[in-house]
Amino acid sequence: MYSRIIKLSILFILIPAIFGVGFGYALVNYLEIPDVKQLETYRPKSSTRLYADDGTLFSELFVEKRIPIPITEMPKHLRLAFIAIEDVRFYKHFGVDVRGIARATYKNILHRGITEGASTITQQLARNLYLTQQKSFKRKIEEAVLAIQIERSYSKDEILNMYLNLIYLGEGAHGVEAAAYTYFHKKAKDLTIQESATLAALTKSPSRLSPFKNHAKALVRRNIVLKKMYQADFISRKDYSQALKESLNLAPFRAYEKKTGYFIEYVKQIFEEYVPDVQELYTTGLNIKTTINLKMTEFAYEAIEKGIQQYKERHPKVSEPPEVALVAIEIKTGDIKVIIGGRNFSASPYNRAVQAKRQPGSSFKPIIYLTALEQGLTPDYMLRDAPISFTNPWTKQIWQPKNYRNEYHGNVTMRKALELSLNTATVRLLEKAGLENVIDMAKRLHITSNFESNLSLALGTTEIAPLDLACAYATFARGGVYLPPVVIKNISTIEGEEKYNDETQGEIVVAPEVAAPLVDIMKGVIKNGTARGAAKMPYFLAGKTGTTDDFRDAWFIGFSPELLCAVWIGYDKKINLGGKESGSTAALPIWIDFMSKTLPLYPNEDFVF
């Protein structure tokens, strides 16, 4: 008892002394205290939010993951959860809680150590904005003086709003809105009482108490917050009891990022075209509406996984499966709905759909046929499909293009030659149409490859990126009108100021009467030709397979009047896929699986040019 009286006496002597010394110290060092009016123009670094075509928030790009929101978008129970655990007398003190300091000092003396702090929310805000985390007497005095000045300059709600937008809550999330999305895939305004308490529980140790990493400890800490809310009369007994019973139902950890990594990287690349400083993407808190369709992306990964499994079954001794690129483009808008540049973005972020130029094989042939059609030839024009050879006049080397399986059909129409992907007939057509004319057509279709002027072009020996070839095919599908691929529809600031709005204009590459017969022939590729595996699908479809001579690359690019999908499969290294791994064997099944699930989302109507 005597010992306790002594401790209390010391406490009541020390507190006035501390404040007296602190006041004198603050006066001496007053000029070191920053002007709190700077808060009026202060803008913290904010994350940029990426939205899917249906408005779903699927990713954030940030230096500090932060999404500032006004306090009016924070439910009352969310605000009270933080007040309960951090500063229960927030609305009663003037920035420094004297009663709280006395209580904490008393408990610390009793326990002979620092067991309880007394920093108010306002002091924490001052520390985060202006000071370091270093523990020192000087910093504590500056923190207290700053807190008092902040309280004199701003209302309690303004202070609480700044605090709840700045506080770090783990997993890279700064502020309650970013944290709500990270842990629950919700906006802060939609959080329940127990979810709000979960976020408030993170203030003590954001990393150690992350519910993703330590579910049990996070639950215990959440319940402490709920108890404090009840004890402070912030929630009723009924709400308290109900919240305690609720389990921690978290969103899948980084669920979307696993499937959208390639798309996000392409958005970053395109973003540079719209702003002078690319760092704006990570610091200014933009809202970017993109074209990605998350459901289609799921379908695409499912199709790729199934296709790779089938490949493994055909080649059980292969230790490492090939890579796959898939692009899906909406025909009428040019919007990219899916970009997948490999089997696993985490393992290999190299975007093969955009960056990898590969030989397209026979999937280049439609460009040759389009050139010939523009010159006045018709689908019934006769070509000779028979062995042929060419001698290089300088090297005297002989080149003899051959058909797949060395099968020849004699005189065939242009239609049949493309349907069956006949090489020798196509080489003869290339000769007639003219190499330079075909190269010019490819460039008009915005294919950026370096074309060599030789007849091997008929076999697709010039390397092309899958996205470039997909956009060329989409031009056929829309009757000869080229649209650049679109991934960003709109960019706006947090305040709602529009920075960019997509107004993509089409470019006529060929007349509709030229594109229409090519599409008709390509419909025959599916009905009667190398892509007959898709013939049973109940849709109006056209497309073309592609296979290189050494089976290194397998392609299928096909489209309806509404949606195009391009699939490439192959290895990054100079390894072939194996004998008979043609476009119809390796790529077409993935395309069929994907399109069978996505085409029901669109009208089933025939091509109209």
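A short note on the overall build of the chain
Scanning the chain for helices and strands turns up 20 helices and 18 strands. With 609 residues in all, the chain has 54% of them scored as buried. Considering only contacts within the chain whose residues lie at least 6 apart along the sequence, 70% involve residues at least 24 apart.

Details of the packing of aromatic side chains
Under the counting rule described, the total for this entry stands at twelve aromatic pairs. A centroid spacing of 6.3 Å and a plane angle of 70 degrees characterise the contact between Phe-58 and Phe-263, whose relative ring orientation is edge-to-face. Taken together, the positions of Phe-58 in strand β2 (residues 57–61) and Phe-263 in helix α11 (residues 257–271) put the pair 205 residues apart, joining distant regions of the chain. A single burial state applies to Phe-58 and to Phe-263, both of which are buried. With 5.3 Å between their ring centres and 40 degrees between their planes, Tyr-473 and Phe-476 make a pair best called tilted. Here Phe-476 and Tyr-473 lie together in helix α18 (residues 466–477), a separation of three residues that amounts to about one turn. For the pair Tyr-473 and Phe-476, one class covers both residues: buried. Among the aromatic residues, ring-to-ring pairing joins Phe-559, Phe-607 and Phe-609 into one connected group. Positioned over the ring face of Phe-90 is Lys-156, at 4.6 Å from the centre of the ring.

Things to note about the side chain of Gln-123
Of note, Gln-123 is situated in helix α4 (residues 121–130). There is a polar contact of 3.0 Å between the side chain of Gln-123 and the backbone nitrogen of Thr-120.

What about empty space enclosed by the protein?
Enumeration over the complete set of coordinates arrives at one cavity of 30 Å³ or more. Around the largest cavity sit Tyr-539, Phe-540, Ser-560, Pro-561, Leu-599, Tyr-602, Pro-603, Asn-604 and Glu-605, which together line it. Looking at the lining of the largest cavity, its residues break down into six nonpolar, two polar and one charged.

Comments concerning the pattern of salt bridges
For the coordinates displayed, the defined rule picks out 22 salt bridges. Between Lys-306 and Asp-593 there is a salt bridge whose closest N-O contact spans 3.4 Å. Of this pair, Lys-306 sits in helix α13 (residues 294–314) while Asp-593 sits in helix α20 (residues 583–598), placing them 287 residues apart in sequence. When its relative accessible area of 45% is taken as the criterion, Lys-306 is described as partly exposed. With a shortest N-O distance of 3.2 Å, Asp-335 and Lys-489 are connected by a salt bridge. One end of the pair, Asp-335, is in the loop between β6 (323–330) and β7 (336–340); the other, Lys-489, is in strand β13 (residues 488–492), and 154 residues separate them in sequence. In this structure Asp-335 comes out as buried when scored by relative accessible area, which is 5%. Among the charged side chains, a salt-bridge network with shared partners connects Glu-320, Glu-323, Arg-343, Arg-352 and Asp-572.

Topic: the packing of helix α7 (residues 176–184) against helix α8 (residues 193–200)
Look at α7 against α8: their axes get within 11 Å of each other, and the N-to-C directions meet at 110 degrees. Put simply, α7 runs roughly perpendicular to α8. The way α7 lies across α8 gives a crossing that is right-handed. On α8, the residues touching Val-176, Ala-179, Ala-180, Tyr-183 and Phe-184 of α7 are Glu-195, Thr-198 and Leu-199.

Describing the layout of surface pockets
Computed from the structure, the second largest pocket encloses a volume of approximately 770 Å³. If you trace the second largest pocket, you find 31 residues lining it, with Tyr-404, Leu-420, Ser-421, Thr-530 and Ser-582 closest to the centre. Taken together, the elements giving at least two residues each to the lining of the second largest pocket come down to β16 (542–547) and α20.

Details of the side chain of Thr-598
For Thr-598, the location among the structural elements is in helix α20. For Thr-598, a relative accessible area of 0% translates into the label buried. Those residues in contact with Thr-598 that lie beyond four places of it in its chain are Met-296, Phe-299 and Leu-563.

Observations concerning the confidence of the model for the chain
When the pLDDT values of the chain are averaged, the result is 87; 87% of them are 70 or greater. The model gives residues 24–31 a pLDDT under 50, and that stretch makes five contacts with residues more than four places away or in other chains.

Focus on a nonpolar patch on the surface
A cluster of nonpolar side chains, namely Phe-94, Val-98 and Ile-148, defines an oily patch on the protein surface of about 230 Å² accessible area. Inspection of the secondary structure puts Ile-148 in helix α5 (residues 137–153). Relative accessible area serves as the criterion here: at 31%, Ile-148 is assigned to the partly exposed category.

Focus on the pairing of strand β1 (residues 48–51)
A two-sided burial pattern is seen for β1, the buried positions comprising Thr-48 and Leu-50 on one face and Arg-49 and Tyr-51 on the other. Across four bridges, β1 lies against β2 in antiparallel orientation. Following the sheet pairing, Thr-48 is matched in β2 by Leu-61. Hairpin remark: β1 followed by β2, antiparallel, with five residues in the connecting loop; positive phi at Gly-55, about 90 degrees. Inspection of the sheet shows β1 paired to strand β5 (residues 287–290) by three bridges, in the parallel sense. From the neighbouring strand, Leu-50 faces β5, where its bridge partner is Ile-288.

Things to note about the sheet that holds β16
Spatial strand order, β7-β6-β18-β17-β16: five strands in an open sheet with antiparallel pairing. Looking at the sheet topology across the chains shown, the edges are occupied by β7 and β16. Direction aside, the axes of adjacent strands within the sheet are offset by 5 degrees on average. Where strand β17 (residues 553–559) lies against strand β18 (residues 563–570), seven bridges are found, and the strand directions are antiparallel.

Description of helix α16 (residues 423–433)
Counting buried positions over the eleven residues of α16 gives eight, a clear majority of the element. One or two steps after α16, the chain reaches Gly-434, where phi turns positive at roughly 100 degrees.

Quick look at the nonpolar core
With 125 residues, the main nonpolar core has Ile-367, Phe-476, Phe-559, Trp-591 and Phe-594 as its most contacted residues. When residues no more than four places from it in sequence are discounted, the contact partners of Phe-476 are Pro-366, Ile-367, Leu-370, Leu-445, Ala-515, Leu-518, Val-519, Met-522, Phe-559 and Phe-609. Judged by nonpolar contacts, the second largest core, of 49 residues, contains Tyr-163, Val-176, Ala-197 and Met-229.

Re the pairing of β7
Burial of β7 is extensive: five of the five residues sit out of reach of the surface. Looking at chain direction, β6 and β7 are connected through four bridges and run antiparallel. The residue bridging Ala-328 from the neighbouring strand is Val-338, located in β7. In sequence, β6 turns back onto β7 through a hairpin of five residues, with Gly-334 there showing a positive phi of about 80 degrees.

Criteria and thresholds
- Residues numbered from 1 in each chain as written.
- Predicted model: local features only at pLDDT ≥ 70, side-chain atom pairs only at ≥ 80, totals over all residues.
- Heavy atoms only, no water.
- Helix = DSSP H or I, 4+ residues; strand = E, 2+ residues; numbered from the N terminus.
- Buried < 20%, exposed > 50% of the residue type's maximum accessible area, 1.4 Å probe, protein only.
- Contact = heavy atoms within 4.5 Å.
- Phe/Tyr/Trp six-rings, centres within 6.5 Å; stacked < 30°, edge-to-face > 60°.
- Lys NZ or Arg CZ within 6 Å of the ring centre and 35° of its normal.
- Polar contact = N/O pair within 3.5 Å; in protein donor to acceptor, adjacent residues only side chain to side chain.
- 1 Å grid on protein atoms, 1.4 Å probe; cavity = no way out; pocket = protein on both sides within 12 Å on 5 of 7 lines; lining within 4 Å.
- Points joined across faces, edges and corners; volume = space filled by probe spheres on them.
- Nonpolar A, V, L, I, M, F, W, Y, C, P; charged D, E, K, R; others polar.
- Salt bridge = Lys/Arg side-chain N within 4 Å of Asp/Glu carboxyl O.
- Axes fitted to C-alpha atoms, helices over the stretch in contact; angles between N-to-C directions.
- Parallel < 35°, antiparallel > 145°, perpendicular 65-115°, else oblique.
- Left-handed = near helix turned anticlockwise from the far one by under 90°.
- pLDDT = per-residue confidence, 0-100.
- Patch = residues over 30% accessible without salt bridge, like charges linked within 9 Å, V, L, I, M, F, W, Y side chains within 5 Å.
- Areas by Shrake-Rupley, 256 points an atom, 1.4 Å probe, with all protein chains shown as cover.
- Pairing = 2+ DSSP bridges.
- Core = buried A, V, L, I, M, F, W, Y, C linked by side-chain atoms within 4.5 Å.

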